[in-house]
Every structure is written in C-alpha cells, then in structure tokens.
Amino acid sequence: MTDPGGGVRIATRTCPLCEATCGLSIQLRGQHVERISGDTQDVFSHGYMCPKGASLGELHDDPDWLRKPVIKIDGRFVEVDWDTAFARVAELFAPFRAPQGPAVTATFIGNPAAHNLGSGQYHRVVTKALASRHFYSSATVDHRPKELVNALLYGVPRTLAVPDIDRTDLIVLVGANPYESNGSLATAPGWPRRLRAVQERGGQVVVIDPVRTRTAESADWHLRPRVGSDAALLFSLVHVLFDEDLVDLGAVAPYIRGLDGVRAAASSFDPTHTASFTGVDPAEVRALARQLSDARTACVYGRMGTTATEFGSIASWLIDVLNILTGNLDRAGGSMFPLPAAGSSNTRGTPRFGRGVGPPGFHTRVRRAPEIFGELPVGCLAEEILEPGDGQYRAMVIISGNPVVSGPRSERMSEALSSLDALVAVDPYINDTTRHADVILPPPSLLQRSHYDTLFYTWAVRNVANYSPPILPLRPGQLDEWEIMCRLASALDGSGRTIEEVDDELAAMMIRERQQDANDPLYGRGVEDVLRSLEPRRGPERLVDLMLRSGPYGEWSHEQGGLSLAVLEQNPHGVDLGPLQSRMPDVLRTPDGMVDIAPRMLIDDVDRLVQALDRRRGSALRLIGRRHLRSNNSWLHNVPSLMSGKNRATLRINPQDADALGVDDGQTVKLSSNVATVHVVAEVTDRMPPGACSLPHGWLHDANGVELSVARLRPGVNTNRLTPDDRFDVPSWTSVLNGIEVVVEPC
Ligand SMILES: Nc1nc2c(c(=O)[nH]1)N[C@H]1C(S)=C(S)[C@@H](COP(=O)(O)OP(=O)(O)OC[C@H]3O[C@@H](n4cnc5c(=O)[nH]c(N)nc54)[C@H](O)[C@@H]3O)O[C@H]1N2
Ligand SMILES: Nc1nc2c(c(=O)[nH]1)N[C@H]1C(S)=C(S)[C@@H](COP(=O)(O)OP(=O)(O)OC[C@H]3O[C@@H](n4cnc5c(=O)[nH]c(N)nc54)[C@H](O)[C@@H]3O)O[C@H]1N2
Ligand code: SF4
Ligand SMILES: [Mo]
C-alpha cells in the first residue's frame, strides 16, 4: 500500500475474478474505491486488465450483496445475526448428523471457490463435518475430461501441461476463446497480448473453432470443424503424423509407452474418411499435421469447446498426444508443467511414482454414475434428490455455486433444490439457486479478503507467486469467508467448536497429510513444532505460509532466499520465479513411472466415436455456448457498468439457416430442445457456421424471489434450461453442454 497524500491510498492486489490473475492497482479514498487500473509493475500481468477487474469497487458497493445472513421464515428471507443463522443451520441439520445423515446429504462447490482462499481451502472442513461422500462441483460441467486425462497420463488430475505461449513458434487453440475468457487451464494475464507477441516474433496462431470468434479473427489460420467433431479431427492429425512418419517424441521418449495403441486407434481416422463428419478438408488436416511436426516448437491447447462435449475425454487426450508425438511435451516453447510455489500433488510424494487412477469407490444411486476423484457428476444431482428411494438426498450445502443456472436442465434442478428439507448456501446474492435456501451466509466482498492463487498458479504459463492482503476492513459484524466455513462446520456437526479450533484442526490435518512422506520438508517434524514455527499467523495466511515455506522454492528446503509469506508481503507486485522448466520424469506420479499414452479407459471409448463417424448426422441445429468479456458465468450481471451496451443473451444464428427458417435479425424465436422451450431474440451473423447456433450461459435472473435489482432488468435467457441432464462424455461423466440438438421456429 502506498500513500501519495491527500487522503488517497494506492493498494495492489491480484484480481480474483478469472483465471488470468491480473495485478490491479486500486486507488482508495477512505473506504471508497476511486479508480482501478492495471498494475504496470505486476511481475506477470505488466498492467494488463479487463473491464471486470475495473468493477471490483462497484461490486463491493453493490446494495444487493448481502451484508448479513438471511434465514427463511414463512417463505421470506429475514436478516439475522450470525449466531441466529448458525443456530438455524444446527437445527436444520440435526436430523442429518451421522450415522444416518451422510447417506442423504450432499455438497456442491461452485467456481468462485477456486478463486478464493476462504472457500477454496476451508470447504474441506464443511464436507468433513457433513461426513457425506456426495460431493459435487462445477468440474463436471467444465474441465473434468482434462483432469481425467491428466491423471491417466501423468498420475494426478492437477498435473496439467500448459502451452508455453511466451516462447512458442506455433500455438493451436482448439475450442477456446481467450479474447473473451482470458484463458482457462493456462493462467496467463493478457492472453490477447501474448498471442499477438507470438505473431510479432514470426510465429503462428491457429484457431480451431466452428465460430468466427474474436480470437479466430486474430489468428493466422482458422479451421472451422463441425460442432462436436474435434475428437475425430484430432485423431486425423494423429493419423497423419503416423502415416507420414512424422512422429518424433524428442527428449521425453524414454518415458513414453503405448505408441502402438495410439497408432492402432488412429487407423480408422484417415482425414479423407473423417472429412464428412468434421467438415474439414483432408488437405488442411495434412497441412496442419506437417506444420506441427515442422515447427521448431509448437503447442496444442484446448478448452471448453473440447471438454464439455460428447467426446470430451478423447479430445482432451489427443491434445496431449499431439504434443507428445511432435516432441513438444516438456520442452521450452511446447507444452510444459508449471512448478507452483505453494506446491501441488505433483511436487509432493515420490518423484515419478504414484498410485495412478484406481477403480471407482462408489456410484450414484439412480444412474450408477461412478465417483471420479471423489466427486459425482452434477448432471446426476437433480435425480438423486428427486427420485424416491433409500438414499434420496434430503439436505444440501451449496458453496459459491449456482447449479440452477450453471448446470444442465435448470427447471429440474430448481424443482429438486426446492424439494429439499434443508438447504444452506454460502453466497452473496439471492439468485436462482439461493432463493431455494433456508439459510444464506454471505461472504465479505472481494476487496475485504486476502488472496493467493493456490490453484491457478499450478497451471500458470510462468512460475510466479503473488499474495494480496485485504484492502478494505470487514464491517462490524461481518465474518470472513473462512470464518463462515469454520462456524458452518461446527453448526453442521453440532460440535460447538470455535473458529479457532476448527482452523487449528485444518492446519494440523494439512501438516499430518505430509509428515509420512520422506521427501517432504515436513517429514519427521511434529505437528506442534510446525504450528509453532507458523506463529502468530492464523486462518488462510497460516495455510499459505505453510504451503509456501514447505513448497518447491520454500525456505524450509532452500537455506538462502527461500520463499515464505513474509517475502511475498514485501513484494506487492509479486515474485517472478522464471519461465517454465522441464520437469520430466519427476513430475509424474504413475505406478510404473511412465506415461501410458494409450490408457485402456480412453482406448475403450474410441468405438463410440467410430460409430458416431458412421452415423448420418441429422439436420438439427446444434446449440453451443459463448462467453463475453464483460460477464462471468452466472454472476456479475448486477454490476451496472458491466451491463451497459447491447443485449448479450441473443441466439446467434448463421444467415443461411435464418433464411431457411424464415427468421429475421432481432426477431424473437422459439428455441426448443428435448427438455425445454424458451423464447429468445435472434442475432443473424456469419460468425456462426451453418448448422450451429449459440447462446451464452449464466443468464436467468427473473424468477420469483430473485433479489438482483440490476440483473433483473435484463434477465436474459439461460441456455441451460435447454441442456439435457442425461448426456455425458462417457469416461468423465461431464455433461455435454456444447452441441445440443435444438429446433428454432419463428414466432
Ligand atoms: N451451458 C453452459 N453451461 C455452463 C458453462 C458453459 O460454457 N455452457 N460453463 C460451465 C463452467 S466452465 C463453470 S466453471 C460453471 C460455473 O458455474 P458455478 O460453479 O455455478 O459458478 P458461478 O456461476 O461463477 O458462481 C456461482 C455462485 O457463486 C457466487 N459467488 C461469487 N463470488 C463468491 C464468493 O466470493 N464467495 C461465495 N461464497 N460465493 C460467491 C455467485 O453469487 C453465484 O451464485 O458453469 C458451467 N455451466
Ligand atoms: N469473460 C468471461 N471470462 C471467463 C468466464 C466467463 O464466463 N466470462 N468463465 C471462466 C470459466 S469458468 C472458464 S471454464 C473459461 C472458459 O474459457 P474458454 O473455453 O476459452 O471460453 P468459451 O467462450 O467457453 O470458449 C469455448 C469456445 O469453444 C467453441 N466451441 C463450441 N463448440 C465447439 C466444438 O465442438 N469444437 C470446437 N473446436 N470449438 C467449439 C466456442 O465457439 C467457443 O469459442 O472462461 C473463464 N473466463
Ligand atoms: S482478465 Fe480476469 S483476472 Fe484479469 S482483470 Fe479481467 S477478470 Fe480480472
Ligand atoms: Mo469453468
């Protein structure tokens, strides 16, 4: 914090809204935010920011952001103090304590927890108190296929190879639109700048997306496959690499096995055979395969257009396979493994070796969907609540999640949540999901809490570390989010533990988990001894300090210049730990210390794709999603400055389709899938390819009881009302959000 005088202060902090982790410079007068700009001295973002980051002051002042807990009395929310709110939670959950409760309770954790130390680190105390294994998150409407592939190839879900965008000569983006999203599963503030830099140094940017997005417009080459056909397109690229003898694994060759399995699987995907399915000219496929092999360095990267699709696991897998076959895995300018300062599951345990992926331990009751990494698919949540029978869920905790809007088949999710006996939400707003809650526990604003990206630095394109203290104090009677988690845990299990006790238990648990590991700096140290050395810190700061000091650059393994939270506190613009370094084979945690590039689970799914190739495609339009720079999933629609401008929740459709259907630009049309019908304004644009239409997700703010005064004025249409809840990418049980068959009719 600097003090230029005149009652003005300048504080820096990392923006917690999206994965880009931009540094912000925030000018305050008293408790009021006057101006937010990009922090030009930030070691990672160098001044880059987007309009969302500039809105944090407005968000802090949003009158609809709850400042006190609310409980429902006779169908209406009433403000109460914290003691009353937690007493109500304890009363509601008393019938659901062990031994009978865990079978009929569940938790859902939504996306903002990943950006937030409070819920991100402390949700564990809540799930532990509930003792239920019914754990859901937005991963199964997002990146679960990639996590599954990471675990199958490299041993653990978080071992993600990211594009080394700052050094590459060729980057291929598949189903990703970082000009709007600012990137995901590859943390890089200023993606647009970094992509332009690739071109300025003579490199190439290739985009594979059915839609002419802003990212595609900036590319050197834009390939437009049919929606949902990427797995086949990527297989064709693999096919050409083998067919033209272009495979060269480079330095990682000694650690790769399964080449023959991949070659055999790719044999059915000659580009001339897949062309009628993908719509991509075989000559283009061959040209791209040759470019990938010829480029000095190259990386292929995929996002939502590859994961939340019918063949999401295969597509996610083949992206890594392409990087491996072209010798680009783990080399500068290729696809590399970050080394995060706070550590991760691939910095702990025995280098190179681990347990890998075991068979599922349990399944959902109704559809028998398997648990993956301890988590169940959100597409199954509504039926687990609604279908009568033993084990029907009766009580839930939802932390920073809006599954009614973000999950498939909104109406059914809404019906399910409204039927529960008890629902507690930790959320700042009364929205489509939380309106069904009995109790809402609101966190403080994003400026009133500290921040460190424990998750996003595990997939950052450069190794950096940056900690932000709170810049505005809690108001009297407010609790920080981690304190809410501790008190919630205590209310759920009825233990009456204090915040301090729960916090101590969590810290001790994190230390104990690592004491058994002979390679860990905590090995052999007593819990009390470690806790003492972290004194007097408490709460998230103690946990971050623990992770940093015991992490790969930490002072507990580096005698000189080692990292700790104190070092970050002295460096408000962050600490740069340098470009990514090769980490093979030590980064692996697989049973045999090798990367099996033909894992059984994925090879077994190839038949499903081969059958789809041979099936005739119907003439139905395919609905896909889209993101907008000034929005963020299901929220931020209550911030006036972000809501200005044109209606964004339009149905984009190609002129040829619009003509054939008799639909005019600006006309309201009827849009139906097999689960619902909505009315939406059409926007006719040749950005869309023939055969596909798009609608953003996250809108729907006009239901009874929603208290979002700005968002309600432009409620929008939620695409997930149309998303079926019974379509999955089979291996990962991720919902198919892109490529839904729909019918458009003028009205
Ligand atoms: N059709 C379709 N559906 C999609 C997607 C798509 O592309 N298409 N994308 C999917 C993806 S990738 C994701 S990640 C999910 C996201 O969906 P969710 O996981 O539901 O996350 P959000 O919509 O970001 O926010 C959820 C809730 O968090 C609350 N919140 C915001 N900040 C905080 C905070 O600091 N603390 C707490 N406690 N609560 C907070 C908000 O008020 C909101 O109610 O949506 C998925 N749904
Ligand atoms: N402004 C803003 N930023 C965000 C978010 C937000 O809501 N708003 N959400 C954040 C979250 S939680 C996430 S996960 C990320 C997501 O980050 P991205 O994945 O980069 O974002 P999307 O806009 O969903 O991009 C998906 C792209 O896939 C394309 N696509 C759809 N179907 C197909 C297909 O079958 N094949 C191919 N090749 N492409 C297809 C779409 O046209 C779209 O351009 O963004 C994050 N950042
Ligand atoms: S790009 Fe993401 S992290 Fe950067 S300012 Fe915008 S919302 Fe914040
Ligand atoms: Mo996401």
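Whatever comes next refers back to the structure up there.
Everything numeric here is computed off the predicted structure, so don't read it as measured data. (Residues numbered from 1 in each chain as written. Chains lettered and ligands numbered in written order. Predicted model: local features only at pLDDT ≥ 70, side-chain atom pairs only at ≥ 80, totals over all residues. Heavy atoms only, no water.)

So, the site of ligand 1
What surrounds ligand 1 is a group of 29 residues, the closest being Ser-406, Asp-427, Asn-431, Ser-634 and Asn-720. In this structure, Asp-427 approaches ligand 1 through a side-chain N or O atom, which is 2.7 Å from an oxygen atom. Look at ligand 1: alone it shows 910 Å² of surface, and the protein chains cover 98% of it. The class makeup of the residues in the shell around ligand 1 is ten nonpolar, 14 polar and five charged. (Near = heavy atom within 4 Å. Polar contact = N/O pair within 3.5 Å; in protein donor to acceptor, adjacent residues only side chain to side chain. Areas by Shrake-Rupley, 256 points an atom, 1.4 Å probe, with all protein chains shown as cover. Nonpolar A, V, L, I, M, F, W, Y, C, P; charged D, E, K, R; others polar.)

Some details on the packing of aromatic side chains
In total, this model carries twelve aromatic pairs according to the counting rule given. Plain terms: the ring middles of Tyr-452 and Tyr-457 are 5.4 Å apart, the flat faces sit at 75 degrees to each other, and that makes the pair edge-to-face. Each ring, one from Phe-728 and one from Trp-733, has its centre 4.8 Å from the other, and the planes form 50 degrees; the classification is tilted. A relative accessible area of 17% places Trp-733 in the buried class. Members of the aromatic cluster, connected to one another through ring pairs, are Phe-235, Phe-269 and Trp-317. Just above the ring of Trp-556 sits the side chain of Arg-525; from NZ or CZ to the centre is 4.7 Å. (Phe/Tyr/Trp six-rings, centres within 6.5 Å; stacked < 30°, edge-to-face > 60°. Buried < 20%, exposed > 50% of the residue type's maximum accessible area, 1.4 Å probe, protein only. Lys NZ or Arg CZ within 6 Å of the ring centre and 35° of its normal.)

Section: the pattern of salt bridges
If you walk through the whole model with that rule in mind, you get 45 salt bridges. Linking Asp-169 and Arg-296 is a salt bridge whose minimum nitrogen-to-oxygen distance equals 3.2 Å. Highlighted residues: Asp-169 in the loop between β9 (162-163) and β10 (170-174) and Arg-296 in the loop between α11 (282-294) and β14 (299-302), separated in sequence by 127 residues. Since its relative accessible area comes to 61%, Arg-296 is described here as exposed. In this structure, the salt-bridge partner of Arg-367 is Glu-383, at a minimum N-O distance of 2.8 Å. Here Glu-383 lies in helix α14 (residues 381-386) and Arg-367 lies in the loop between β16 (352-353) and α14, a separation of 16 residues in the sequence. Several salt bridges converge on common partners, so that one network encompasses Arg-537, Asp-545, Arg-549, Glu-555 and Glu-569. (Salt bridge = Lys/Arg side-chain N within 4 Å of Asp/Glu carboxyl O. Helix = DSSP H or I, 4+ residues; strand = E, 2+ residues; numbered from the N terminus.)

With respect to the site of ligand 2
Around ligand 2 sit 28 residues in total, of which Asp-209, Gly-228, Asp-230, Ser-631 and Asn-633 are the nearest. Separating a nitrogen atom of ligand 2 from a side-chain N or O atom of Asp-230 is a distance of 2.6 Å. At 3.4 Å from a nitrogen atom of ligand 2 is found a main-chain nitrogen or oxygen belonging to Leu-629. In the complex, 97% of the free accessible area of ligand 2, which totals 910 Å², lies under the protein chains. Elements supplying a minimum of two residues to the shell around ligand 2: α5 (178-181) and α12 (304-307). In terms of residue class, the shell around ligand 2 is built from eight nonpolar, 13 polar and seven charged.

Such coordinate-based values are descriptive only and should not be taken to indicate function.
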